[in-house]
Amino acid sequence: MEKRIQIDQVAPNGYKSMYAIEKYIGESDLNPTHKELIKMNASYINGCAFCIDMHSKDAIKNGETAQRLLLISAWRETDVFTEEEKLILEITEEITLIHQQGLTKETYKKALATFGEKYLANIILAITAINMWNRIAVSTHKPLLK
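Summary of the structure given here. All values derive from a computational prediction rather than experimental measurement.

## Focus on the environment of Lys-39
Along the chain, Lys-39 turns up in helix H4 (residues 32-46). Placed 31 residues apart in sequence, Lys-39 and Leu-70 show a C-alpha to C-alpha distance of 13 Å. In this structure, Lys-39 is in contact with Glu-22, His-55 and Ile-130, ignoring residues within four places of it in sequence.

See below:
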């Protein structure tokens, strides 16, 4: 893979500014499992090896199983996820693939009824944040952490 600029080194202040949203998300009421499912699903969709590597390690450290991590990309075909988790995976997919149809009216209404306004807002912020990280890592070929 060709070596590319590393934004954390070339534009450290811009890169560090993204930590503010991460701090907010980390301190929010989002369930840790929900956060990891969001990060993993968006990263799988975006093909972000750096984020998949980092967040799979974090998820396992926090009690997630390898089976569930491996099945995220086929979540519709399994029963290892709760209905809430499936809804979060659906929201993540629709927002990550926003160019296809965006967050549909049906999914939005179901999410609002299930999670309420504040929790849904935090879900959307978490999805937006991981997509931002994915785009940086993929476009710059960010090397995996050792």
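That covers the picture; the talk isn't over yet.
## Concerning the packing of aromatic side chains
To describe a pair of aromatic rings, one takes the distance between the centres and the angle between the planes. Overall, the coordinates contain 4 aromatic pairs when judged by the stated rule. Relative to Tyr-19, the ring of Tyr-15 lies with its centre 6.2 Å away and its plane at 90 degrees, an arrangement referred to as edge-to-face. Their ring planes at 40 degrees and their centres at 5.7 Å tell us that Tyr-19 and Trp-133 sit as a pair that is tilted. Within this pair, whereas Tyr-19 is found in helix H3 (residues 19-27), its partner Trp-133 is found in helix H8 (residues 105-139), the two being separated by 114 residues in sequence. In textbook terms, an aromatic cluster arises when at least three aromatic residues are bridged by ring pairs, as seen for Tyr-15, Tyr-19 and Trp-133. The positively charged end of Lys-142 is found above the aromatic ring belonging to Phe-50, 5.6 Å away from the centroid.

Each value, and the rule that gives it
- Residues numbered from 1 in each chain as written.
- Predicted model: local features only at pLDDT ≥ 70, side-chain atom pairs only at ≥ 80, totals over all residues.
- Heavy atoms only, no water.
- Helix = DSSP H or I, 4+ residues; strand = E, 2+ residues; numbered from the N terminus.
- Contact = heavy atoms within 4.5 Å.
- Phe/Tyr/Trp six-rings, centres within 6.5 Å; stacked < 30°, edge-to-face > 60°.
- Lys NZ or Arg CZ within 6 Å of the ring centre and 35° of its normal.

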